[in-house]
Structures are given as structure tokens and as C-alpha cells.
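The chain contents come next:
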Amino acid sequence: DTAVSQTPKYLVTQMGNDKSIKCEQNLGHDTMYWYKQDSKKFLKIMFSYNNKELIINETVPNRFSPKSPDKAHLNLHINSLELGDSAVYFCASSQGTVEGETQYFGPGTRLLVL
Amino acid sequence: KNEVEQSPQNLTAQEGEFITINCSYSVGISALHWLQQHPGGGIVSLFMLSSGKKKHGRLIATINIQEKHSSLHITASHPRDSAVYICAVSEYGNKLVFGAGTILRVKS
């Protein structure tokens, strides 16, 4: 069974559209994260949630809104997509928020905005 | 300047060579991670270090907290080791701050 899954795997869309990426983990973890990997392959934290509560919100445009319906799911909604949003988005999870806890990554969602 | 610096950016080695990738960080941390990103894009955690040294198979990771430096070594490298190796430090809330990665290619 896949530990951290993301859907869709690929997403091609037009500028200005609104889209969502879903993430689910079956590890029983309390904490989930969204990371963005840009065209230079550099990874950066966007958000993290612990037990459905927002813990980390880096300087991400308001067009990005995470939603955690339960602690096994963390979805990412993106409004008014821009060309610069093209990237690979990785979801991850860890048991808690203690520094150093191992994070388990999803396979990534490759978003291309045309 | 990034909080986490890796070197080299690119590394090509012959099969069997001993490989070292270095990571320096500028912030006080309690944990450092080494991650591997496969050519297909998936990311897996290799090590979490808070002190000393860890070994797993042909991979060895060391950290010197005083010098704010860590190294990842690969012994008897193999073409299947070709991947991007990423150093990351854990900060508040266990968020990871990443280095830019080292692209390793091992030729047979």
C-alpha cells in the first residue's frame, strides 16, 4: 500500500484556472506538509498542518490555500493559476512536529500552467 | 545566501569510486537529513543525524555540529546510485530547509 499518495500525478492547465491537488497518507501520522520544487529543482516548504491545524505558513501567495479535512488528508487549492506556479508539488508526512522526525514524501504532482 | 549549502553541485564518478558530498549550514539545528531524489522524481529519506555518524549499507553520513558540517559518503559506487542527493535541516515545526542538491552520475 502506498504510504503517501497524491492526485493527480500530472496537471496541465491554463493560466487563470483554479485547481486542486489532493494528498492522503495511511501512516497514521499527525503532521502533513506541502513543498514546492521549482524548475531548478530547489525544494521549499509551503505549509504544514498538525492534527488539522495550520502550523507553518511560509510566504506563499493567498491564491494557495491548504485544506485539511482530517489528519490523513491535506489538499492544496490554487486559485487564478499563474505561469510561475508551474512546478512539482510534493506532499509529505511525519509522526509529529518534533525537529528531526523522518518525513515520508508522496510521488509529487507535476503542474504545468500554460 | 541559502541557509544550507551543498557541494559539489554536479558529480560524475566511475563505478567503484568512493564519493563524498558535503553540506554546510548556517543556523543552529537539532537534526539534519540526507534525502535521495530518484531520476523518476520520488524522494526518500536516507538518514537523520543529530550527532556522530550513521551507516546503512554502502552509505555513510557524518555530522559535526560544532563546525555545522555534514558529509554523505558512498562506497563502491554503482550506476544505480545515480540520483540527486539533498541535504536538509529541520527547523521549527519540523519544517525542512533544503540545500540545492547534488546531481550524482555514476558511469559503468
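All values reported here derive from a predicted model rather than from experimental measurement.

(A) Quick look at the overall build of chain A. Along its length, chain A carries 0 helices and 11 strands. Ordered by position from N to C terminus, the α and β elements of chain A give β-β-β-β-β-β-β-β-β-β-β. The C-alpha atoms of chain A give 13 Å as radius of gyration, which agrees with the globular expectation for 114 residues (13 Å, within 12%). Overall, chain A is about 35 × 30 × 30 Å in size when its C-alpha atoms are taken along their principal axes. When the 114 residues of chain A are sorted by exposure, 47% land in the buried category. Within chain A, residue pairs in contact and separated by at least 24 positions form 54% of the contacts whose partners lie at least 6 positions apart.

(B) Spatial organisation of the sheet that holds strand 7 (residues 59-64) of chain B. Residue and element names in this part refer to chain B. Here we have 5 strands laid out as an open sheet, ordered 1-3-8-7-6, and antiparallel in their pairing. Of all the strands in the sheet, the pair left with one neighbour each is strand 1 (4-7) and strand 6 (52-56). Neighbouring strand axes in the sheet, compared pairwise and without regard to direction, differ in orientation by 15° on average. Looking at chain direction, strand 1 and strand 3 (residues 19-25) are connected through 4 bridges and run antiparallel. Among the inter-strand pairings, Gln6 is bridged to a residue of strand 3, identified as Cys23.

(C) A look at unusual backbone geometry. Across the junction of Thr7(A) and Pro8(A), the peptide omega takes the value -5°, indicating a cis bond. You can see Pro8(A) is positioned in the loop between strand 1 (4-7) and strand 2 (10-13). With an omega of -5°, the peptide bond between Ser7(B) and Pro8(B) qualifies as cis. One can find Pro8(B) in the loop between strand 1 and strand 2 (10-14). The backbone phi angle of Asn94(B) is positive, close to 65°, even though this residue is not glycine. Relative to the assigned elements, Asn94(B) resides in the loop between strand 9 (83-90) and strand 10 (96-98). With a relative accessible area of 0%, Asn94(B) lands in the buried category.

Rules behind the numbers
- Residues numbered from 1 in each chain as written.
- Chains lettered and ligands numbered in written order.
- Predicted model: local features only at pLDDT ≥ 70, side-chain atom pairs only at ≥ 80, totals over all residues.
- Heavy atoms only, no water.
- Helix = DSSP H or I, 4+ residues; strand = E, 2+ residues; numbered from the N terminus.
- Rg over C-alpha atoms; globule rule 2.2 N^0.38 Å.
- Buried < 20%, exposed > 50% of the residue type's maximum accessible area, 1.4 Å probe, protein only.
- Contact = heavy atoms within 4.5 Å.
- Pairing = 2+ DSSP bridges.
- Axes fitted to C-alpha atoms, helices over the stretch in contact; angles between N-to-C directions.

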